[in-house]
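Observations on chain architecture
What follows is the residue order along each chain.
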Amino acid sequence: MTDAPVGYEPSLGRVARTGSWAELARGTFRCAVERLDRGDYEAAAQLVEVSVLEAEELRDVYDRWPAAALDWIRDHGVTEQSLQAAVDRLTGVIGEQAIAGIAAEWPRYTEAAARAARACRDRDPAAAEQVEQARLIWQGIHDRAVDRVSGIVDIAVRLVGEDHLGALWDFLMADWYEVHARRYALDNQPWRESARQLMIAIVDGFHAHLAGTGRQGDIELIHEPHRTGFRFDPCGSGGRSLDPRITDGAPRAGGPYGFAVTTKPHDWAWNTVGICSYCVHCCQLNERMPIDRLGYPTRVIDPPVWDPQAPSTSCTWWVYHDPADVPDHVYRRVGRDPSRRPRR
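A brief report on the enclosed structure follows. (Residues numbered from 1 in each chain as written. Predicted model: local features only at pLDDT ≥ 70, side-chain atom pairs only at ≥ 80, totals over all residues. Heavy atoms only, no water.)

**Describing the environment of Asp63**
Checked against the element boundaries, Asp63 lands in helix α3 (residues 41-75). Along the chain, Asp63 and Asp75 lie twelve residues apart, while their C-alpha atoms are 20 Å from each other. Apart from the residues within four sequence positions on either side, Asp63 is in contact with Leu58, Ile102, Ala103 and Arg148. (Helix = DSSP H or I, 4+ residues; strand = E, 2+ residues; numbered from the N terminus. Contact = heavy atoms within 4.5 Å.)

Below is the structure:
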């Protein structure tokens, strides 16, 4: 019997994957099937069950953000008639099932995961098929939920204006900002522990996003002397706006969806044209907000960029081993002064 693949992670407040970074870079469903192949049935079951915990944060925000964004749009003077027309258009392109929201579909996934875990423990010859079925159910639910969030953010851009997109994400993530800034402050805990927690959160979250073209949640791990990188090619969420490989040839920034990307430089979007409106929240949460509150970015992101002819769809998140090593250009591309950077 091999080591348990899960254990309590204090920074998440729950059970999560354990193992080396190379092991954690592999998708959870893939690892469950590999454990089955090795005859480690209990470990396979535990991995299937932890996949639900990995997805839980997404279930929460993908349920809350659409309603909150619609309220924000109303509060900016958009009439109910105009808003309803935009929602009707969105429903026409993403479908009734997607617009109904993740809460209605979530039990299908939890039930499928429970069946798969039971099949693993029962040593059912069809257990691997049950694990794959659970993954496919979650993939469909996840992707429809991403389309709903991205589509409603697109409505905000259409009706309120691109210049207000950063403010929308500030509004949606206000609770995250407080926790993030408090936890990763240098006077709260050593940066070494903050870096570990930030990297744990990356692999945990992107397992649930089912990163990669195979939609297994696999991540490319990059080791450099002063930083560690996590590459998603593509990410399973923002990547839906840009990558034809995970959208049946129809990235949501293209037709018939036309989800908004930045058309001019903004501090809250790396001052880059072609950033999808969903990906803006990664810039705000990981770079702009923590620089303002802490003096340094907590994670540095090389984002995907939309170009209808040749989109750049991979996304890389970097965690620096010392925030003093973050280069000047990272500050300047979000309109911030690198003199705020902490000294050794």
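Once the structure has been displayed, the description carries forward.
**Some points on the layout of surface pockets**
Put simply, the largest pocket is a space of about 830 Å³. Surrounding the largest pocket, 38 residues form its lining, Glu57, Trp176, Ala201, Leu285 and Arg299 being those nearest its centre. Elements with a contribution of two residues or more to the lining of the largest pocket: α3, α9 (174-183), α10 (191-208), α11 (280-294) and β6 (315-320). Broken down by element, the residue count for the lining of the largest pocket peaks at seven residues, all from α3. Looking at side-chain class alone, the lining of the largest pocket contains 20 nonpolar, eleven polar and seven charged residues. Of the volumes computed, that of the second largest pocket is approximately 210 Å³. Broken down by element, the lining of the second largest pocket gets its largest block of residues, three residues, from helix α2 (residues 28-37). Taken together, the residues that form the lining of the second largest pocket break down as four nonpolar, two polar and seven charged. (1 Å grid on protein atoms, 1.4 Å probe; cavity = no way out; pocket = protein on both sides within 12 Å on 5 of 7 lines; lining within 4 Å. Points joined across faces, edges and corners; volume = space filled by probe spheres on them. Nonpolar A, V, L, I, M, F, W, Y, C, P; charged D, E, K, R; others polar.)

**Things to note about the packing of aromatic side chains**
A full pass over the atoms with the stated rule returns 13 aromatic pairs. Ring centres 5.1 Å apart and planes at 80 degrees place the aromatic pair Phe206 and Trp317 in the edge-to-face group. Of the two residues, Phe206 sits in helix α10 while Trp317 sits in strand β6, which places them 111 residues apart along the sequence. Relative accessible area serves as the criterion here: at 7%, Phe206 is assigned to the buried category. (Phe/Tyr/Trp six-rings, centres within 6.5 Å; stacked < 30°, edge-to-face > 60°. Buried < 20%, exposed > 50% of the residue type's maximum accessible area, 1.4 Å probe, protein only.)

**Looking at unusual backbone geometry**
The omega torsion of the bond from Asp233 to Pro234 falls at 0 degrees, within 30 degrees of zero and hence cis. Cis geometry marks the peptide bond from Gly255 to Pro256; its omega dihedral reads 0 degrees. Following the sequence through the fold, Pro256 ends up in the loop between β4 (227-232) and α11. One non-glycine residue with positive phi stands out, namely Leu210, at about 55 degrees.

**Section: the sheet that holds strand β5 (residues 300-302)**
As summarised here, the arrangement of the four strands in space is β3-β4-β6-β5, forming an open sheet in which the pairing is antiparallel. Edge positions in the open sheet fall to β3 (220-224) and β5, since each of these has one partner strand only. Across the sheet, the mean angle separating the axes of adjacent strands is 20 degrees when strand polarity is ignored. Bridge count for β5 against β6 is three bridges, and the pairing is antiparallel. Bridging across to β6, Asp302 finds its partner in Thr316. Each of β4 and β6 touches α10; the most contacted strand, β6, lies at about 160 degrees to it. Running at roughly 145 degrees to β5, α11 makes contact with β5 and β6 of the sheet. (Pairing = 2+ DSSP bridges. Axes fitted to C-alpha atoms, helices over the stretch in contact; angles between N-to-C directions.)

**Some thoughts on empty space enclosed by the protein**
Tallied over the full model, the rule gives one cavity of 30 Å³ or more. Considering only enclosed or pocket space, the largest cavity measures out at about 50 Å³ in volume. Every residue lining the largest cavity is listed: Ala16, Arg17, Leu24, Glu54, Ile200, Val203, Asp204 and His207. Top element by residues in the lining of the largest cavity is α10. It accounts for four residues. Residues belonging to the lining of the largest cavity are distributed by class as follows: four nonpolar, one polar and three charged.

**A closer look at the packing of helix α4 (residues 80-94) against helix α7 (residues 127-159)**
It is at 10 Å that the axes of α4 and α7 come closest, and there the two elements cross at 140 degrees. The chirality of how α4 crosses α7 is right-handed. Residues Ser82, Leu83, Ala86, Val87, Arg89, Leu90 and Ile94 of α4 touch α7, and the partners they reach there are Asp147, Arg148, Gly151, Ile152, Asp154, Ile155, Arg158 and Leu159. Per-class residue counts for the contact of α4 with α7 are eight nonpolar, two polar and five charged. (Left-handed = near helix turned anticlockwise from the far one by under 90°.)

**A short note on the environment of Arg245**
Here Arg245 lies in the loop between β4 and α11. For Arg245 and Ile137, which are 108 residues apart along the polypeptide, the C-alpha to C-alpha distance reads 19 Å. With residues near it in sequence (within four places) discarded, Arg245 still touches Thr213, Asp233, Pro234 and Thr313. Side chain to side chain, Arg245 and Asp233 meet in a polar contact 3.1 Å long. A distance of 3.3 Å separates a polar atom in the side chain of Arg245 from a polar atom in the side chain of Thr313. (Polar contact = N/O pair within 3.5 Å; in protein donor to acceptor, adjacent residues only side chain to side chain.)

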